[in-house]
Amino acid sequence: MTEAKAVPKSHCSDSCLPGFRKASQQGRPICCFLCIPCSEGEISNQTDSTDCLQCLSDFWPNEQRDTCIKKTVEFLSFKDPLGMALAFITTFCALLPTSILTIFLKYRDTPVVKANNRDISYLLLLALILCFLCSLIFIGQPTTVTCMLRQVAFGIIFVLCISCVLAKTVMVVLAFKATNPNSNLKNWVGSRLPNSIVVISTVIQGFVCITWLISSPPFAERNMKSQMGKIIIQCNEGSPVAFWCMLGYMGLLSSVSFIVAFLSRNLPDSFNEAKFITFSMIVFVSVWFSFIPAYLSTQGKFMVAVEIFAIFSSSAGLLACIFFPKCYIILLKPHQNTKEYLMGKGKAGEGNRK
């Protein structure tokens, strides 16, 4: 009797909870509906909602999709463990060329330091210090100023490094060739040619960077589409063509330096700096060839970390291959740091001295 008096239900579907919306079923009564989860970026905060609400651009639905929560902001910060580690490594690495420059200045009148243009060695060490330090510009929240500065500083300073290496390599070859009594290359041995190589090479890169800044400069942007629930603050390169032209010119100089050093690697021992330059350019080119796919396949702070790693890895390769052997002789083998020793061992000594 009780069952006969029970009031029948007037609907055939349960209420839709927050986070869902009602969707009618074709050919069925209006009280029969489906509960469909809100789409990505949308919420419903009421029971039996017929529509979902779009979150604001800076917000993202929670897991239940019934409340909009603030998106997390991502960039490579100095407070981030990865940023702290990279900043520490970069600062430490910058102290190495500083220490070597101090050693070279202290022993500036010794044959090993004077060999193959002492001034270019000083300039290369200063450029390597700046290379390491320019990595710090990549850490921290990007702004329009830092976005413009980081790529321009990186491009010009690295070309300065490579042009110094190229100048030293050319001088190795000329110094050896000029030892031939009938050679006309004696007039080219000196500081004018290497200085011209450095200046012209760097000015060309400077022109590329200035054109880039005038036509389509880099700027900071908020990337809200790459990763769900995150706002990635990053630098937009402005003109991808200009960015890759800058890297391409750097790659061209690196390739020329490597080819010249490789072809002159078998010169007599007094001129064997070409061997060390060859190794340094192998490291440099290998790092940057591996950088391109790694850079293109990462996003957010990891993309920045990849570029920083490439900067100090290639800089460390140049520093270790070119200057560590000289420091070894200066500090641990001082008996080899003499004019007589070099002349006796190289058999072509005077041609490789400033």
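Here, every reference points to the structure presented above.
A brief structural summary. (Residues numbered from 1 in each chain as written. Predicted model: local features only at pLDDT ≥ 70, side-chain atom pairs only at ≥ 80, totals over all residues. Heavy atoms only, no water.)

### Describing the overall build of the protein chain
Consideration 1: When helices and strands are tallied, the protein chain shows 10 helices and 9 strands.
Consideration 2: Residues classed as buried in the protein chain amount to 45% of the 354 residues present.
Consideration 3: Intrachain contacts of the protein chain at a sequence separation of at least 6 include 65% that bridge at least 24 residues.
Consideration 4: Here the protein chain displays about 18,700 Å² of accessible surface, and carbon together with sulfur accounts for 65% of that area. (Helix = DSSP H or I, 4+ residues; strand = E, 2+ residues; numbered from the N terminus. Buried < 20%, exposed > 50% of the residue type's maximum accessible area, 1.4 Å probe, protein only. Contact = heavy atoms within 4.5 Å. Areas by Shrake-Rupley, 256 points an atom, 1.4 Å probe, with all protein chains shown as cover.)

### Some thoughts on the side chain of Q151
Consideration 1: Summarising the element assignment, Q151 is placed in helix α5 (residues 144-177).
Consideration 2: With a relative accessible area of 2%, Q151 lands in the buried category.
Consideration 3: A distance of 3.4 Å separates polar atoms of two side chains, one belonging to Q151 and the other to E237.
Consideration 4: Among all residues touching Q151, those that are not within four sequence positions of it are F138, W212, E237, F243, M246 and E307. (Polar contact = N/O pair within 3.5 Å; in protein donor to acceptor, adjacent residues only side chain to side chain.)

### Quick look at the nonpolar core
General note: in soluble globular proteins, nonpolar side chains tend to be found buried as a group.
Consideration 1: Within the largest apolar cluster, 72 residues are counted, with the highest numbers of intra-cluster contacts made by F104, F154, W288 and F323.
Consideration 2: Within the residue set of this core, elements represented by two or more residues are α2 (81-106), α3 (111-114), α4 (118-134), α5, α6 (192-215), α7 (240-263), α8 (273-296) and α9 (301-332).
Consideration 3: Ranked by residue count, the leading element in this core is α5, at 15 residues. (Core = buried A, V, L, I, M, F, W, Y, C linked by side-chain atoms within 4.5 Å.)

### Examining the sheet that holds strand β7 (residues 72-74)
Note: strands within a sheet are paired through backbone hydrogen bonds, in either parallel or antiparallel orientation.
Consideration 1: Taking strand neighbours across the sheet as the criterion, the 3 strands line up as β7-β9-β8 in an open arrangement whose pairing is mixed. At either margin of the open sheet sits one strand with a lone partner, and together these are β7 and β8 (219-223). The average undirected angle you get between the axes of adjacent strands in this sheet is 25°.
Consideration 2: Note: β8 against strand β9 (residues 230-236), 5 bridges, orientation antiparallel. The residue bridging A220 from the neighbouring strand is C235, located in β9. (Pairing = 2+ DSSP bridges. Axes fitted to C-alpha atoms, helices over the stretch in contact; angles between N-to-C directions.)

### Side note on the packing of aromatic side chains
The relation between two aromatic rings is expressed through the spacing of the ring centres and the mutual angle of the planes.
Consideration 1: For the structure shown, the criterion picks out 7 aromatic pairs.
Consideration 2: An aromatic cluster of three or more residues is present, and its members are F154, F158 and F284. (Phe/Tyr/Trp six-rings, centres within 6.5 Å; stacked < 30°, edge-to-face > 60°.)

### What about the pairing of β9?
Consideration 1: Burial of β9 is extensive: 5 of the 7 residues sit out of reach of the surface.
Consideration 2: The sheet contact formed by β7 and β9 spans 3 bridges and is parallel. Bridging across to β9, T72 finds its partner in K230.
Consideration 3: Between β8 and β9, which pair antiparallel in sequence order, lie 6 residues; one of them, G229, sits at a positive phi of approximately 75°.

### Looking at the environment of N337
Consideration 1: Relative to the helices and strands, N337 is located in the loop between α9 and α10 (339-346).
Consideration 2: The exposure class of N337 is buried, given its relative accessible area of 10%.
Consideration 3: Distance from N337 to Y107, taken between C-alpha atoms, is 10.0 Å for residues 230 residues apart in sequence.

### A word on a nonpolar patch on the surface
Consideration 1: On the surface, F88, I89, F92, L95, L96 and F324 cluster together to form a nonpolar patch covering roughly 580 Å² of accessible area.
Consideration 2: When residues of the nonpolar patch are assigned to their parent elements, the largest contribution, 5 residues, is made by α2.
Consideration 3: Along the chain, the position of F92 falls in helix α2.
Consideration 4: The partly exposed category is assigned to F92, whose relative accessible area is 47%. (Patch = residues over 30% accessible without salt bridge, like charges linked within 9 Å, V, L, I, M, F, W, Y side chains within 5 Å. Salt bridge = Lys/Arg side-chain N within 4 Å of Asp/Glu carboxyl O.)

### Considerations on the pattern of salt bridges
Consideration 1: One pass over the full model with this rule turns up 4 salt bridges.
Consideration 2: Between D109 and R118 there is a salt bridge, with the nearest N and O atoms lying 3.5 Å from each other.

### Things to note about the state of the cysteines
Here a disulfide denotes a covalent bond joining the sulfur atom of one cysteine to the sulfur atom of another.
Consideration 1: Taken as a whole, this structure holds 4 disulfides when the rule is applied.
Consideration 2: Between C16 and C35 runs a disulfide, and the two sulfur atoms are separated by 2.0 Å. The disulfide joining C16 to C35 has a torsion of about -95° about its S-S bond and is therefore left-handed. Highlighted residues: C16 in the loop between α1 (2-5) and β1 (20-24) and C35 in strand β2 (residues 33-37), separated in sequence by 19 residues.
Consideration 3: On the basis of relative accessibility, which here comes to 0%, the residue C16 falls in the buried class.
Consideration 4: Through a disulfide, C55 is tied to C68; the S-S separation comes to 2.0 Å. On the sign convention where negative means left-handed, the S-S torsion of about -85° between C55 and C68 marks this disulfide as left-handed. Within this pair, whereas C55 is found in the loop between β4 (53-54) and β5 (59-61), its partner C68 is found in strand β6 (residues 68-70), the two being separated by 13 residues in sequence.
Consideration 5: Classification of C68 by relative accessible area gives partly exposed; the value is 25%. (Disulfide = S-S within 2.5 Å.)

### A short note on the environment of I322
Consideration 1: Residue position: I322 is located in helix α9.
Consideration 2: Given a relative accessible area of 1%, I322 falls into the buried group.
Consideration 3: Between the alpha carbons of I322 and A274 there is a distance of 9.0 Å; along the sequence they are 48 residues apart.
Consideration 4: Discounting chain neighbours no more than four positions away, the residues touching I322 are L124, V165, K168, E273, F276, I277 and S280.

### Examining unusual backbone geometry
Consideration 1: Of note in the backbone geometry, R65 takes a positive phi value of approximately 60° without being a glycine.
Consideration 2: Relative to the elements of secondary structure, R65 occurs in the loop between β5 and β6.
Consideration 3: On the basis of relative accessibility, which here comes to 27%, the residue R65 falls in the partly exposed class.

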